Amino acid sequence: MAKYRGAVIVDAERCKGCNLCVVACPAGVLTLAREVNGKGYHYSEMARPEECIGCANCGLVCPDAVITVYRMNTKQ
Amino acid sequence: MTAEITEITREEHIVYRKTPALTGNVMHYCPGCSHGVIHKLVAEVIEEAGIRDKTIGVSPVGCSVLAYNYIDIDWAEAAHGRAPAVATGISRLHPEKYVFTYQGDGDLASIGTAEVMHACNRGENIVIIFVNNAIYGMTGGQMAPTTLVGQVTSTTPRGRDVKLNGFPMKITELLAQLDGTTYVTRQAVHTPPAIRKAKNALRKAFENTKKDKGTSFVEIVGTCSSGWKMTPVEANRWMVENMFPKYPLGDIKDI
Amino acid sequence: MAEIKLMKGNEVIAEAAIRCGCDGYFGYPITPQSEIMETLMAREPWKETGMVVLQAESEIAAINMVYGAAATGKKAMTSSSSPGISLKQEGLTYLAGAELPCLIVDVVRGGPGLGTIQPAQSDYFQATRGGGHGDYHLLVLAPASVQEMNDFVALGFELAFKYRNPVMILADGVIGQMMEKVRLDEYVPRWSDADIERVAGEWALTGKRKERERHVATSLELDAYKQEEFNHKLQAKYRRMEEHDTRHEELSCDDAEYIFVAYGSSARVCQKSVQLCREQGIKAGLFRPITLYPFPKRPLQALSRRAKGFLAVEMSAGQMIEDVRLAINGTVPAEHFGRYGGVIPTPDEIVEALKRQIIKT
């Protein structure tokens, strides 16, 4: 069993680095990368994946629908 | 990618992802634009109701003119402000279809005032989605009817002056006065709870079409960070502090 | 057994629309064509054929309702008169740009501005040149009788769908208001969903099914090269119209030395002028364009090889004369005679004009 409760996968090439997901994350998981993608945006990425609770707030607020959120089934 | 993350990122663990009703096209909107979130919500509502083959959208002139590139349904692109008339033509000949317009504040509250008033007054069995960000985005940030008093735009460089430009128009409240509207609400998409509420409002609006209840009007107060010259996060804060007092959220009419 | 009735031109438009299986009419009252919507409302075709009739809040709204209705592959129409048609120009250019078939009836009155409610032909340029912005044309039919008001409704829809282009019936206050005997068509059922799939399945907004791409009715193309390519396509379509659907009628032209060129009500008056000329020993004929766009250039050109002169008779200050001159290209004299602002020319003054301006006697 993995120790992580949730995970966020950002489609980095489609991310515009608006920062809304970073602000919306209640656990401080996300940050904008130092690197830029092909369009020149500092894309969002997980800086502290161990904190992710899979709440999906980041996915909800993402205007570009580039975020997929995973959560371990805690009942298992 | 660590082994732990590989373990989590399996199909059965997905709790949020892009709805298949959105096309794969990258949206042309600026970073952080509210349109993206609103498009997503409309697409999710359509997908979850299983009505993609029964829904026809009408896109406006303005930033969302290309909405038809992003939601994978049939669309008509209307002339500036005329979307409610175009939707009327579609809906009258296809009463079994879900027809909606997607319009900005310049399109709906300025050049298209007559069309939206009369579509609502006839109680056309359609959904009207009104995105109010108090500015013309596409043409470069000019004053809209909903621009706040004192707000700086490229045509009110010293702020909106009521002597010169009149007052911010609360068209949603006006439309609620018309007997043809059944559901009139004002929502926002700046936080996860607000987004969930906005989605519920949109779902209800489409359900009203199914029940043949007349016009459902969903205003969504949004940001235009490029036009307002702020970061998306600052724009959300500015919206809460300045837009919401003038354009308070909540249902205005629900019959 | 055909049904023959005495009817007003405007009433016949309404009757023909119902009978040809029109799905939707969207209009706004304006003189001298209000009887079209009044007749439809009195007839209540929604009970009979399912045809929708709706009074819009403006001509602008009406033409945009047509845009929406036409985008679904159904037969949609509107009608108006000159000032109202000016308001519809925005919708018309979008319809042409999105290649949506529909029918527009223009019962022309005198202008400019609010002008007069009396008949005129002063909107020829507006109808044939495009009217709105951009390189486009409507296919324009000019009825000269109440019978043709009937016939051109079904024909108009046929041509609109053949070319995926708006078709205009350019009538005038005389044709709209006068009563004549008319042979009405048999009822044709409205198209079923399967019919629409067959006729317009490639583009109509019928609801996106899994097995096909989404359909979008739009006139927007931000890439200049693609927009140029689209314009090439439109121009090719207009050339096909010229080739296959140019219509005209000739009266006593076989031996004619002098030929009146006139359409609509003016052509009716010119019929009498031809008769008066012949009584006076002048070999006159009448060339009546039925399609104003595409204009019947070639048959007119053919006549110019043996005629001595042409007189374009219009209830305008001289608009169709430009097409006449382009067709004849300076080979023989071509002049214009017009009464306008709501005035209808008499057969005698037309004969006098022919003598004065062309025969020069």
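Remember, predicted model here, so these are calculated numbers, not experimental data. (Residues numbered from 1 in each chain as written. Chains lettered and ligands numbered in written order. Predicted model: local features only at pLDDT ≥ 70, side-chain atom pairs only at ≥ 80, totals over all residues.)

(A) Inspection of the confidence of the model for chain C at higher detail. Looking at chain C as a whole, the pLDDT averages 97, with 99% of positions reaching at least 70. Across the whole predicted complex the pTM is 0.97, and at the interface the ipTM reaches 0.97. (pLDDT = per-residue confidence, 0-100.)

(B) Region of interest: the arrangement of the chains. Among the 2 pairs of chains that make contact, the interface with the largest number of contacts is formed by chains B and C. Where chain A comes nearest to chain C, the C-alpha atoms are still 20 Å apart, and the two do not contact one another. (Contact = placed C-beta atoms within 7 Å.)

(C) Local environment of the domain arrangement of chain C. All names here are of chain C. Partitioning chain C into structural domains gives domain 1 (3–193) and domain 2 (249–359). Domain 1 and domain 2 are separated by 27 Å when their C-alpha centres are compared. Across the boundary between the two partners, domain 1 contributes 24 residues, which contact 21 residues of domain 2. Mapped by element, the contributors of at least two residues to the side of domain 1 that touches domain 2 are α6 (124–129), β6 (139–141), β7 (166–172) and α8 (173–177). No other element matches α6, which puts 4 residues into the side of domain 1 that touches domain 2. Grouping the constituent residues of the side of domain 1 that touches domain 2 by class yields 16 nonpolar, 7 polar and 1 charged. (Domains from an automatic or database assignment. Helix = DSSP H or I, 4+ residues; strand = E, 2+ residues; numbered from the N terminus. Nonpolar A, V, L, I, M, F, W, Y, C, P; charged D, E, K, R; others polar.)

(D) Molecular detail of the interface of chain C and chain B. Taken together, the contacts link 34 residues of chain C with 28 residues of chain B. Looking at the side of chain C that touches chain B, the elements with two or more residues in it are β2 (24–27), β3 (52–55), α4 (59–71), α5 (82–97) and β9 (216–217) of chain C. Counting residues per element, the side of chain C that touches chain B draws most heavily on α4 of chain C, at 9 residues. Along the lines of polarity and charge, the residues of the side of chain C that touches chain B split into 17 nonpolar, 10 polar and 7 charged.

(E) The interface of chain A and chain B, seen in detail. The interface of chain A with chain B comprises 30 residues on the first partner and 27 residues on the second. Those elements that place two or more of their residues in the side of chain A that touches chain B are β1 (6–10), α1 (20–24), α2 (57–61) and β4 (67–71) of chain A. In terms of residue class, the side of chain A that touches chain B is built from 18 nonpolar, 7 polar and 5 charged. Strand direction decides the pairing type here: β4 of chain A and strand β1 (residues 14–16) of chain B, joined by 2 bridges, are antiparallel. Its bridge partner lying in β1 of chain B, valine 69 of chain A is registered against tyrosine 16 of chain B. (Pairing = 2+ DSSP bridges.)

(F) Layout of the sheet that holds strand β10 (residues 248–251) of chain C. Residues and elements named next belong to chain C. With respect to topology, 5 strands assemble into an open sheet ordered β10-β12-β11-β14-β15, the strand pairing being mixed. Taken across any chain shown, the strands that pair with only one partner, and hence form the sheet edges, are β10 and β15 (334–338). Here the strands of the sheet are splayed against their neighbours by 20 degrees on average, with no regard to which way each runs. As paired strands, strand β11 (residues 258–261) and strand β14 (residues 309–314) are joined by 4 bridges and run parallel to one another. Paired with valine 261 across the strands is alanine 312, a residue of β14. (Axes fitted to C-alpha atoms, helices over the stretch in contact; angles between N-to-C directions.)

(G) Main features of the sheet that holds β1 of chain A. With antiparallel pairing, 3 strands are arranged side by side in an open sheet as β1(A)-β4(A)-β1(B). Looking at the sheet topology across the chains shown, the edges are occupied by β1 of chain A together with β1 of chain B. On average, adjacent strands in this sheet sit at an angle of 30 degrees to one another, irrespective of strand direction.

(H) Geometry of the packing of helix α3 (residues 83–93) of chain B against α4 of chain C. At a closest axis distance of 6 Å, the pairing of α3 of chain B and α4 of chain C adopts a crossing angle of 50 degrees. In terms of their interaxial angle, α3 of chain B and α4 of chain C are classed as oblique. Judged by the sense of rotation from one axis to the other, the crossing of α3 of chain B with α4 of chain C is right-handed. Residues Ala85, Val86, Ala87, Thr88, Gly89, Ile90 and Leu93 of chain B of α3 of chain B form the contact with α4 of chain C, whose participating residues are Ala61, Asn64, Met65, Val66, Tyr67, Gly68, Ala69 and Ala71 of chain C. Tallied by class, residues from the contact of α3 of chain B with α4 of chain C come to 11 nonpolar, 4 polar and no charged. (Parallel < 35°, antiparallel > 145°, perpendicular 65-115°, else oblique. Left-handed = near helix turned anticlockwise from the far one by under 90°.)

(I) Focus on the nonpolar core. Counting 223 residues, the largest nonpolar core has Cys58 of chain A together with Val66 and Phe260 of chain C as its most contacted members. Here this core gets 10 residues from one element, more than from any other, and that element is α4 of chain C. Both of domain 1 (3–193) and domain 2 (249–359) of chain C provide at least three residues apiece to this core. What valine 66 of chain C contacts, discounting residues up to four positions off in sequence, is Gly89 of chain B together with Phe26, Ala76, Met77, Thr78, Gly91 and Cys102 of chain C. (Core = buried A, V, L, I, M, F, W, Y, C linked by C-beta atoms within 7 Å. Buried ≥ 20, exposed ≤ 12 C-beta atoms within 10 Å, placed from the backbone.)

(J) Local environment of helix α2 (residues 35–43) of chain C. Glu35, Ile36, Met37, Thr39 and Leu40 of chain C are the residues of α2 of chain C that are buried. Glutamate 44 of chain C, located one to two residues past α2 of chain C, shows a positive phi value of around 45 degrees.

(K) Representation of unusual backbone geometry. Note that the residue after threonine 31 of chain C, namely proline 32 of chain C, is joined by a cis bond; omega there is 5 degrees. Structurally, proline 32 of chain C is set in the loop between β2 and α2. With an omega dihedral of 0 degrees, the bond running from glycine 111 of chain C to proline 112 of chain C counts as a cis peptide bond. Structurally, proline 112 of chain C can be placed in the loop between β5 (102–108) and α6. One non-glycine residue, alanine 56 of chain A, adopts positive backbone phi at about 75 degrees. Within the fold, alanine 56 of chain A resides in the loop between β3 (44–46) and α2.

(L) Representation of the packing of helix α11 (residues 264–279) of chain C against helix α14 (residues 347–359) of chain C in the model. All names here are of chain C. The N-to-C vectors of α11 and α14 enclose an angle of 60 degrees; their axes lie 8 Å apart at closest approach. With respect to each other, α11 and α14 are oriented oblique. Crossing geometry of α11 relative to α14 is assigned as right-handed. In this structure, α11 contributes Val269, Cys270, Lys272, Ser273, Leu276 and Cys277 to the contact, and α14 contributes Pro347, Asp348, Ile350, Val351 and Leu354. Per-class residue counts for the contact of α11 with α14 are 8 nonpolar, 1 polar and 2 charged.

(M) Structural view of the environment of cysteine 21 of chain A. Residue and element names in this part refer to chain A. Locating cysteine 21 in the fold gives a position in helix α1. Under the C-beta neighbour-count criterion, cysteine 21 is labelled buried, with 26 such atoms within 10 Å. Expressed as a C-alpha distance, the spacing of cysteine 21 and leucine 60, which sit 39 residues apart in the sequence, is 8.4 Å. In this structure, cysteine 21 is in contact with Leu30, Ser44, Cys58, Val61, Cys62 and Ile67, ignoring residues within four places of it in sequence.

(N) Spatial organisation of helix α10 (residues 232–246) of chain B. When the terminal C-alpha atoms of α10 of chain B are compared, their 20 Å separation across 15 residues agrees well with the 21 Å that a helix rising 1.5 Å per residue should span. If you look at α10 of chain B, its biggest bend is around 40 degrees, right at methionine 239 of chain B. Of all the residues in α10 of chain B, the buried ones are Pro232, Ala235, Asn236, Met239 and Met243 of chain B. Against α1 of chain A together with β9 (215–221) and α9 (225–228) of chain B lie the buried residues of α10 of chain B. (Expected span 1.5 Å × (residues − 1). Bend = angle between axes of the 7 residues up to and from the residue.)

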